[in-house]
Amino acid sequence: MTIWLATGNTHKKQELQAILKGHTVKVPADAGISDFDPEETGSTFLDNAFIKARALYELIKEPVISDDSGICVDALGGRPGIYSARYGSEDGRKLSSPERNALLIREAGDSPLRTARFVCAMVLFVTEDRFFAVQETLEGELIREERGTGGFGYDPILYIPERGCTVAELPEDEKNSLSHRAKAGKAIAAILERL
Ligand code: ITT
């Protein structure tokens, strides 16, 4: 079926299209909506996923999924968490991914606590009174310099001990089988089968 994905992030679209095989993933731009960017005012990943899903559902009135995600670093008390996209942008200028990654490594400093995780909250909005939510993680460690060129965002600085590499060093299909987004997407796919 056609699933509308409430995002302006093309990397999320690509990954979810690979994860939700057999479905066609479309984004607001495919419906001519070029300025889809609802204000993420929630205090959790799930809150923000609901805000994005509901906002697109209001416009499309067809089944919608959303993805709110980010990195949580234990040495920083779980930050940047839901503020991952805006991390380091306090003066209004959005930082590039390499700038954000460098800032995060600097902030974590020499802390011996290196554990960190990617989180993905995903909401499937079928109708105003029928929706599903799931939240998944990918556990890893914050490393001290970027490694790898695949993926996007914080992928070069999250090291996965079981794989012996960062997420950015994983082949695309491997990231899409073990990531926070892959686990959440597969759970949503199972629900879609039963709709
Ligand atoms: P939408 O809100 O339009 O979906 P966004 O990029 O702003 O797009 P979020 O608000 O969920 O998305 O912010 C998540 C940030 O965390 C995002 O900017 C990415 O850089 C980062 N991120 C999310 N998933 C990631 C992944 O799989 N690997 C690395 N970084 C990721």
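What counts, and where the lines are drawn
- Residues numbered from 1 in each chain as written.
- Predicted model: local features only at pLDDT ≥ 70, side-chain atom pairs only at ≥ 80, totals over all residues.
- UniProt positions renumbered as here; feature names shortened; annotations may be inferred.
- Near = placed C-beta within 6 Å.
- Helix = DSSP H or I, 4+ residues; strand = E, 2+ residues; numbered from the N terminus.
- Nonpolar A, V, L, I, M, F, W, Y, C, P; charged D, E, K, R; others polar.
- Pairing = 2+ DSSP bridges.
- Buried ≥ 20, exposed ≤ 12 C-beta atoms within 10 Å, placed from the backbone.
- Arc of directions from axis to C-beta.
- Contact = placed C-beta atoms within 7 Å.

As recorded by an unreviewed UniProt entry, the protein carries the name dITP/XTP pyrophosphatase and is attributed to Breznakiella homolactica. The UniProt entry for the protein carries this comment under Subunit (unreviewed entry): "Homodimer." Listed in UniProt under the heading Sequence similarities (unreviewed entry), the comment for the protein reads: "Belongs to the HAM1 NTPase family."

Right, let's talk about the site of the ligand for a bit. If you check the shell around the ligand, you find 19 residues, and the closest are T7, N9, S84, A85 and G153. Here the element with the most residues in the shell around the ligand is strand β3 (residues 64–73); it accounts for four residues. For the shell around the ligand, the residue count by class is four nonpolar, nine polar and six charged.

Moving on to the pairing of strand β4 (residues 115–127). Here β3 pairs with β4 via ten bridges, running antiparallel. Paired with D68 across the strands is A121, a residue of β4. Taken together, the twelve bridges between β4 and strand β5 (residues 130–142) define a ladder with antiparallel strand orientation. Counterpart to V119 in the pairing with β5 is T137.

The next point concerns helix α1 (residues 10–19). For α1, the set of buried residues is K12, E15, L16 and I19. Considered in projection along α1, the buried side chains sweep an arc of 95 degrees and stay on one side of the axis. In the core, the buried residues of α1 are packed alongside β1 (2–5), β2 (24–26), β3, α4 (172–178) and α5 (180–193).

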